[in-house]
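What follows is each chain in one-letter form.
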Amino acid sequence: MSFVDGMGKYFKRFIKRLEAIEDYLVFMPRLEPHNSPDAYGLPYEKVQLQSDPKLSCWLLAYHAAAPWLIYFHGNDSNISHILGYASQLRNLKLNIMLAEYRGFFFNEGKPSEEGFYADAEAHYDYLIRQDISPKNIIIYGYSLGTGVATDLASKVEAAGLILEAPYTSIPEAAKARYQFGFIKHLIRHRFASIDKIAHINMPLLIMHSRFDLSIPYHLGEKLFRVAQEPKQFVKLSGSHNSIVNGQKSHEALKAIKDFLQQYHLGD
């Protein structure tokens, strides 16, 4: 083997290792169960979607006539980690679909940007096949899930879009967090919400904390500036994960309740 061939093989292995590290840092898939809806006294149904790979998710029904909220969670978690907050959302008289991605919790497959987009459409399509009107569907994304929610909202009809702790793109978020300008050129997974938000035509609520150390606050502001009206921006307190941990859920829930009332979504 020549020196050039040897260096080429070494470089390919190096790139594959970098890609594996990026995949882990972006997605951090969590497989282990944390809690069950039974622990919260929540009636639920586990349903399997018509997708490839096969995906399962949880439905937390409130009332047949109530709006449906599709919730896309962030990385380093799965739907069993967010049941406390999901229970509070359900108390706003909403049916909740806790969307789960490929490679997370009980689902097969390998996480990827395009795969997550396909997963989101599969969840939405399931509701449509149940004769749920798009005017009765609200799309909600948190953290990494904001990129998934934004992409879905750019493709389908829905009653509204809620983004909590959003970013403009993964490369820009990484650059802002780690302060290395070159890092944005190394990232394959884009989740470029900044390129899609202006094409979304539905009421928008963005919530972001000024003390968010994971996804900088100014990225949420930048995304908001590009978005079309009608739109609202609500400043939250607490850390990046404090909604899921319950520390600032009252602020978010109030903002969501006001949003629902303003656009006559539900009671």
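The text that follows walks through the structure, step by step, so that each part is easy to find.

**Looking at the overall build of the protein chain**
Part 1 of the reasoning: Across its full length, the protein chain holds seven helices and eight strands.
Part 2 of the reasoning: Considering the protein chain as a whole, with its 267 residues, one finds that 52% of them fall into the buried category.
Part 3 of the reasoning: Sequence-distant contacts, at least 24 apart, represent 70% of the contacts inside the protein chain between residues at least 6 apart.
Part 4 of the reasoning: Taken as a whole, the protein chain presents about 12,900 Å² of accessible surface, with 53% of it coming from carbon and sulfur.

**A word on the nonpolar core**
Across soluble globular proteins, you tend to see nonpolar side chains buried next to one another.
Part 1 of the reasoning: In this structure, Phe72, Ile139, Leu161 and Phe191 are the most contacted members of the largest nonpolar core, which totals 50 residues.
Part 2 of the reasoning: It is helix α3 (residues 113-129) that contributes the most residues to this core, seven residues altogether.
Part 3 of the reasoning: Judged by nonpolar contacts, the second largest core, of 31 residues, contains Leu83, Ile162, Leu205 and Ala255.

**Digging into the pattern of salt bridges**
Part 1 of the reasoning: Per the counting criterion, the structure on display carries 10 salt bridges.
Part 2 of the reasoning: Where Asp23 meets Arg188, a salt bridge forms, and the shortest distance between an N and an O atom there is 3.3 Å. Here the residue Asp23 occupies a position in helix α1 (residues 3-27), and Arg188 occupies one in the loop between α5 (170-178) and β7 (204-209), the gap between them amounting to 165 residues.
Part 3 of the reasoning: Here Asp23 falls in the buried class, since its relative accessible area comes to 13%.
Part 4 of the reasoning: Given a relative accessible area of 36%, Arg188 falls into the partly exposed group.
Part 5 of the reasoning: Among the ionic pairs, Lys254 bridges to Asp258, the shortest N-O distance being 2.9 Å. With Lys254 and Asp258 both in helix α7 (residues 249-262), this residue pair falls four residues apart, about one helical turn.
Part 6 of the reasoning: Given a relative accessible area of 53%, Lys254 falls into the exposed group.
Part 7 of the reasoning: Of the residues examined, Asp258 reaches a relative accessible area of 33% and is grouped as partly exposed.

**Here's the deal with unusual backbone geometry**
Part 1 of the reasoning: Here the amide bond leading from Asp52 into Pro53 is cis, since omega sits at 5°, within 30 degrees of zero.
Part 2 of the reasoning: With respect to the secondary-structure elements, Pro53 resides in the loop between β1 (45-48) and β2 (56-60).
Part 3 of the reasoning: For the bond from Glu229 to Pro230, the omega torsion is 0°, close enough to zero to count as cis.
Part 4 of the reasoning: The residue Pro230 is located in the loop between α6 (217-226) and β8 (231-236) in this model.
Part 5 of the reasoning: Phi is positive for Met28, which is not a glycine, with a value near 45°.
Part 6 of the reasoning: Here Met28 shows up in the loop between α1 and β1.

**So, the side chain of Asn95**
Part 1 of the reasoning: Counting through the fold element by element, Asn95 comes out in strand β4 (residues 95-99).
Part 2 of the reasoning: When sequence neighbours within four positions are dropped, the list of residues in contact with Asn95 reads Leu60, Ala61, Tyr62, His63, Ala66, Pro67, Trp68 and Leu69.

**Points about the sheet that holds β1**
Part 1 of the reasoning: Pairing in this open sheet of eight strands is mixed, and the strands run β1-β2-β4-β3-β5-β6-β7-β8 from one edge to the other. Only two strands of the sheet have a single neighbouring strand rather than two, namely β1 and β8. Taken over all neighbouring pairs, the strand axes of this sheet differ in orientation by 20° on average, direction set aside.
Part 2 of the reasoning: In this structure, β1 lies alongside β2, joined through four bridges in antiparallel fashion. Residue pairing in the sheet places Lys46 in a bridge with Trp58 of β2.
Part 3 of the reasoning: Across the sheet, helix α4 (residues 144-153) is in contact with β3 (68-72), β5 (137-142) and β6 (160-164); its angle to β5 comes to roughly 150°.
Part 4 of the reasoning: α6 contacts β6, β7 and β8 of the sheet and is inclined by roughly 170° relative to β8.

**With respect to the packing of aromatic side chains**
Part 1 of the reasoning: Scanning all chains against the criterion turns up 17 aromatic pairs.
Part 2 of the reasoning: Measuring from centroid to centroid gives 5.6 Å for Tyr217 and Phe233, while their planes differ by 85°, and the two rings are edge-to-face. In this pair, Tyr217 is assigned in helix α6 and Phe233 in strand β8, connecting sequence segments 16 residues apart.
Part 3 of the reasoning: Judged by its relative accessible area of 13%, Tyr217 is buried.

Scoring rules and cut-offs
- Residues numbered from 1 in each chain as written.
- Predicted model: local features only at pLDDT ≥ 70, side-chain atom pairs only at ≥ 80, totals over all residues.
- Heavy atoms only, no water.
- Helix = DSSP H or I, 4+ residues; strand = E, 2+ residues; numbered from the N terminus.
- Buried < 20%, exposed > 50% of the residue type's maximum accessible area, 1.4 Å probe, protein only.
- Contact = heavy atoms within 4.5 Å.
- Areas by Shrake-Rupley, 256 points an atom, 1.4 Å probe, with all protein chains shown as cover.
- Core = buried A, V, L, I, M, F, W, Y, C linked by side-chain atoms within 4.5 Å.
- Salt bridge = Lys/Arg side-chain N within 4 Å of Asp/Glu carboxyl O.
- Pairing = 2+ DSSP bridges.
- Axes fitted to C-alpha atoms, helices over the stretch in contact; angles between N-to-C directions.
- Phe/Tyr/Trp six-rings, centres within 6.5 Å; stacked < 30°, edge-to-face > 60°.

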